[in-house]
Amino acid sequence: MYVEYEDLWVAGGRWLLTSLAFMYWIWEDSQMHKKRAWPWLFLLSLGSPFETYIGRFYLYEVLAGRGIYPYLVPLFKYDTSHFAEPIWALDTLFFWDLFHGVVTQTIIYFVIFWVYRDCKKSGQRATPWIFAARFIQEAPFPITYAIPLGGYTGQIFIMIGYILHKHGYLRWRKRK
Amino acid sequence: MEVSLEADELNAVETGLAIYAAITLYYSVLGTYILVKTNVISRKASPILVGYIVLQWTFSRLIYIYFPDVPSTYIGIPSILNEIVMAPQTILTSIYIFVKSKIIKLEWKPYLMGYLFTLGMSRLTEYMLYISKVYFPVPEIFVLRGMIPVWVWFGRPGIFSAQAIRFLTLTFWLFFFGSISLWFYVWVKTNSVYGLKSGIFYIGYGALRGVIQIMLYLNFPYPVMAAINVFVDYPLTILELILIDRYRLRNLGVKFRF
């Protein structure tokens, strides 16, 4: 099932948070505090150059020019006699991975949402927090390997950092 | 020995689709809730947003099932259809952010008319190309990046633009003429963002980049080209962000410093 219909298994809706909300909040916050926004936005839009480069080799259109026709995949039927019988194990695994992903993403979004709202209430600058929380989720290679804080582990660090900062235990600059 | 599992597989597919539809609905509602709570969109607009996302997702999955030779519309992953379907959405999203956070002013009525015109053109293009069967497989020479600088707007690398990275496919030109009017409108309305010097530099760099890319495509193997393509847009991304920032801070009475 996963081989034949792999491209069907895509969930929509995440762009609302990953593209619209975070980008909007950073612009708005920078506007309120009269601060520059471009370095934060640029770093966020940096993506992962190495992974992008690798991804270029698997572009749908380019593959066709190289004699590979990915659009034939849904027409392909595999002969189950060539496979180990319990192929359903993979489906189960993918399903639980999917379920875990949904839970993780929800925690991440709510942490950023909460931090942003709290910053707005207290008049603090939210951009560095939004940036950090968003950046560590999809940090460029090899940062993800050097600092493995993807998922909600990183968000816990961000949240603790934010709470410490809020109560005065963590400061960017020394008090004058 | 071939074992037919068609009936089971169909059920599995249906089950899978139902699960992903539920997740799509969940993400849409979650995202919309957060956007409403932070006053990015109004409460009244929220059902429209949720409906739009679910419909878009459904549409893309149906395309994949019934027209497998057409690249499906991923959410956030590149494909030709994505260029057509998602790019207007990217324009709308960007403009919405800039207007709502008071970076630029824009009259919505003509803008939305332009947007709808663009969308209509793109759908027509998509349909024409599909029935004429001309765009598959696309030779690599056509998979070039847009050389017209306005496209850099959503051609920059990154989270809300990574999907729009290949525009000189056969679909590009028709789509381009459909949306240039829209971009012309935005360009004029935000004209103060770009001064004469920066405008010339911006356009010049974009054109130069396009020419260099064509030359590279003709003379270098694909891996070299792909590597250059990854980095060639970063300068324009920085420039664009700096120009918008400079304009924004100037309006707020703050002296811009890098």
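What this report covers is the structure whose coordinates are included nearby. Note that the structure is a prediction, hence the values are computed from the model and not measured.

**Side note on the overall build of chain A**
Item 1. When you go through chain A residue by residue, the secondary structure sums to eight helices and zero strands.
Item 2. Listed by position from the N terminus, the elements making up chain A come as α-α-α-α-α-α-α-α.
Item 3. A buried classification covers 31% of the 176 residues belonging to chain A.
Item 4. Excluding contacts between residues fewer than 6 apart, the proportion of contacts in chain A whose partners are at least 24 apart in sequence is 64%.

**A closer look at helix α8 (residues 151–166) of chain A**
All names here are of chain A.
Item 1. Spanning 16 residues, α8 covers 23 Å between terminal C-alpha atoms, matching the ideal 22 Å at 1.5 Å per step.
Item 2. All of the buried residues in α8 are G154, Q155, I158 and Y162. Angular distribution of buried residues about the axis of α8 spans 100 degrees; they occupy a single face of the element. Seen from the buried face of α8, the exposed residues on the opposite side, beyond 90 degrees, are T153, I160 and L164.
Item 3. Where α8 terminates, the next one or two residues include G168, which has phi positive at roughly 85 degrees.

**Section: the nonpolar core**
A general tendency of soluble globular proteins is for nonpolar side chains to be buried together.
Item 1. Membership of the largest hydrophobic core comes to 48 residues, with the highest contact counts inside it found for A21, I26, W129 and I130 of chain A.
Item 2. Every element with two or more residues in this core is listed here: α1 (15–33), α2 (38–45), α5 (88–122), α6 (127–137) and α8 of chain A together with α1 (6–37), α3 (80–100) and α9 (234–251) of chain B.
Item 3. Among the elements that make up this core, the one with the highest residue count is α1 of chain A (11 residues).
Item 4. Built from parts of two domains, this core gets at least three residues from each of domain 1 (1–66) and domain 2 (85–251) of chain B.
Item 5. For I26 of chain A, the residues in contact, after removing those within four places along its chain, are A37, W40, L41, T127 and I130 of chain A.

**Quick notes on α9 of chain B**
Residues and elements named next belong to chain B.
Item 1. Its 18 residues place the ends of α9 26 Å apart at the C-alpha level, agreeing with the 26 Å of an ideal helix rising 1.5 Å per residue.
Item 2. Looking at α9, one finds that the buried residues are T237, E240, L243, I244, D245, R246 and R248.
Item 3. Of the residues flanking the end of α9, it is G253, one or two places downstream, whose phi is positive at about 80 degrees.

**Digging into unusual backbone geometry**
Item 1. Residue P142 of chain A is bonded to the preceding F141 of chain A through a cis peptide linkage, with omega at 0 degrees.
Item 2. Structurally, the position occupied by P142 of chain A is in the loop between α6 and α7 (143–146).
Item 3. Even without glycine at this site, N39 of chain B takes up a positive phi of about 60 degrees.

**Comments concerning the environment of W38 of chain A**
Item 1. Tracing the chain through its elements places W38 of chain A in helix α2.
Item 2. C-beta crowding within 10 Å serves as the criterion here: with 21 such atoms nearby, W38 of chain A is assigned to the buried category.
Item 3. Considered as a pair, W38 of chain A and W27 of chain A are 11 residues apart in the sequence and their alpha carbons are 9.1 Å apart.
Item 4. Once residues lying within four places of it in the same chain are set aside, the contact partners of W38 of chain A are L241, I242 and D245 of chain B.

**Some details on the packing of α2 of chain A against α6 of chain A**
Residue and element names in this part refer to chain A.
Item 1. Contact geometry for α2 and α6: axes closest at 10 Å, N-to-C directions at 10 degrees. Accordingly, the angle class assigned to the pair α2 and α6 is roughly parallel. Residues W40, L43 and L44 of α2 form the contact with α6, whose participating residues are T127, F131, R134 and F135.
Item 2. Of the residues contributing to the contact of α2 with α6, the split by class is five nonpolar, one polar and one charged.

**As for the packing of α1 of chain A against α6 of chain A**
Residue and element names in this part refer to chain A.
Item 1. The geometry of α1 relative to α6 is characterised by a closest axis approach of 9 Å and an angle of 155 degrees between their N-to-C directions. By the angle between their axes, α1 is roughly antiparallel relative to α6. Relative to α6, α1 is oriented so that their crossing is left-handed. Contacts between α1 and α6 involve F22, W25, I26, D29 and S30 from the former and T127, I130 and R134 from the latter.
Item 2. Its residues assigned to classes, the contact of α1 with α6 comprises four nonpolar, two polar and two charged.

What counts, and at which threshold
Residues numbered from 1 in each chain as written. Chains lettered and ligands numbered in written order. Predicted model: local features only at pLDDT ≥ 70, side-chain atom pairs only at ≥ 80, totals over all residues. Helix = DSSP H or I, 4+ residues; strand = E, 2+ residues; numbered from the N terminus. Buried ≥ 20, exposed ≤ 12 C-beta atoms within 10 Å, placed from the backbone. Contact = placed C-beta atoms within 7 Å. Expected span 1.5 Å × (residues − 1). Arc of directions from axis to C-beta. Core = buried A, V, L, I, M, F, W, Y, C linked by C-beta atoms within 7 Å. Domains from an automatic or database assignment. Axes fitted to C-alpha atoms, helices over the stretch in contact; angles between N-to-C directions. Parallel < 35°, antiparallel > 145°, perpendicular 65-115°, else oblique. Nonpolar A, V, L, I, M, F, W, Y, C, P; charged D, E, K, R; others polar. Left-handed = near helix turned anticlockwise from the far one by under 90°.

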